[in-house]
Amino acid sequence: RKTRDLKECEDLFDDLLLKLHTDYVDIIFIQFVDEEEDLNEIMSGGLYDMALKQIEKGKARFIGLSSHSFPVAQKASETGKIHVLMYPRHILSASIPEESLYEACRKTGTAFVAMKPFAGGKIFKEDTKISLIKSLSYVLSDEIISATVPGVKNQQELTDVLKFFEASSEEKDYTAVMSELNESFKGVCCYCNHCQPCPVN
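1. A short note on unusual backbone geometry
Inference 1: Of note, lysine 116 is a non-glycine position whose phi angle comes to about 55°, a positive value.
Inference 2: The topology assignment puts lysine 116 in the loop between β4 (111-115) and α6 (132-140).
Inference 3: A positive phi angle, close to 55°, is found at alanine 119, a residue other than glycine.
Inference 4: Counting through the fold element by element, alanine 119 comes out in the loop between β4 and α6.

2. Some words on a nonpolar patch on the surface
Inference 1: A cluster of nonpolar side chains, namely Val152, Leu158, Leu162 and Phe165, defines an oily patch on the protein surface of about 380 Å² accessible area.
Inference 2: With respect to the helices and strands, the residue leucine 162 is situated in helix α7 (residues 155-162).
Inference 3: Leucine 162 gets classed as partly exposed once you look at its relative accessible area, which sits at 44%.

3. Let's talk about the environment of glycine 46
Inference 1: Tracing the backbone through its elements, the reader meets glycine 46 in helix α3 (residues 46-56).
Inference 2: Judged by relative accessible area, which is 31%, glycine 46 ranks as partly exposed.
Inference 3: Taking the C-alpha atoms as reference, glycine 46 lies 6.9 Å from leucine 6; in sequence the two are 40 residues apart.
Inference 4: Excluding anything up to four places from it in sequence, glycine 46 contacts Leu6 and Glu41.

4. Quick look at the pattern of salt bridges
Inference 1: The full count for this structure, using the stated rule, is twelve salt bridges.
Inference 2: For aspartate 15, the salt bridge is made with lysine 19, and the minimal N-O distance between the two is 3.0 Å. With aspartate 15 and lysine 19 both in helix α1 (residues 6-20), this residue pair falls four residues apart, about one helical turn.
Inference 3: Taking the relative accessible area as the measure of exposure, aspartate 15 reaches 31% and is therefore partly exposed.

5. A few points about the sheet that holds strand β1 (residues 25-30)
Inference 1: Strands sit in the order β1-β2-β3-β4-β5 across an open sheet of five strands; the sheet is parallel. Every interior strand has two partners, whereas the edge strands, β1 and β5 (145-149), have only one. Shown here is a sheet whose adjacent strand axes are inclined to one another by a mean of 30°, direction ignored.
Inference 2: In the sheet, strand β3 (residues 84-88) pairs with β4 via five bridges, with the strands oriented parallel. Looking across to β4, one finds that methionine 86 is bridged to valine 113.
Inference 3: Contacting β4 and β5, α6 runs over the sheet at an angle of about 150° to β5.

6. A short note on the confidence of the model for the protein chain
Inference 1: Of the residues in the protein chain, 84% have a pLDDT of 70 or more, and the chain-wide mean is 88.
Inference 2: Helix α9 (residues 178-184) is the least confidently modelled element of the protein chain, averaging 63 in pLDDT, while strand β2 (residues 60-66) averages 98, the highest of any element.

7. Quick word on helix α4 (residues 70-78)
Inference 1: Taken as a whole, α4 has its buried residues at Val72, Ala73, Gln74, Ala76 and Ser77.
Inference 2: On its buried side, α4 packs onto α2 (36-43), β2, β3 and α5 (99-108).
Inference 3: Just past α4, the residue glycine 80 takes up positive phi, approximately 75°.

Thresholds, definitions, all that
- Residues numbered from 1 in each chain as written.
- Predicted model: local features only at pLDDT ≥ 70, side-chain atom pairs only at ≥ 80, totals over all residues.
- Heavy atoms only, no water.
- Helix = DSSP H or I, 4+ residues; strand = E, 2+ residues; numbered from the N terminus.
- Patch = residues over 30% accessible without salt bridge, like charges linked within 9 Å, V, L, I, M, F, W, Y side chains within 5 Å.
- Areas by Shrake-Rupley, 256 points an atom, 1.4 Å probe, with all protein chains shown as cover.
- Salt bridge = Lys/Arg side-chain N within 4 Å of Asp/Glu carboxyl O.
- Buried < 20%, exposed > 50% of the residue type's maximum accessible area, 1.4 Å probe, protein only.
- Contact = heavy atoms within 4.5 Å.
- Pairing = 2+ DSSP bridges.
- Axes fitted to C-alpha atoms, helices over the stretch in contact; angles between N-to-C directions.
- pLDDT = per-residue confidence, 0-100.

What follows is the structure, given as structure tokens:
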């Protein structure tokens, strides 16, 4: 459930630390910031100040923000106030121009973490030659990306993701499937909102 209530967020954060049996986290994330109005409210006091206080208390080291909205993600990065941006990046988004977002991250030193590297599982639901390994390889080949968050549902999926570290260069080579993917997934929605307003309504 999304909440912006400061007391509730602080209580949830303290509860998380207890559940993780730790005194601090490396990154305290402000999640699901997809509207400019929400971003403005967060950055002008609110949750951003609460996150700063957690750093001052030694309960966090860096501030992160996640967004599915290109304009909001770019604006957040341009502020120079966040340390980590988490944003969708996957092989199906290869044709989407994101250089301005990357440039904003470079200028402000904002780390870029790619979420949804499997496009919410859509790349595995079609008859293509794309594999989990190739999908991860595509995302991690981009120099701006510091890390990716694959998201797994069970032990087997985690095991499959970890095979990336033992994969050969041939297994990681995604170039041969790029043109096939562009055709196979033309018009398939990946709920990232990159193309809004929707070109096919």
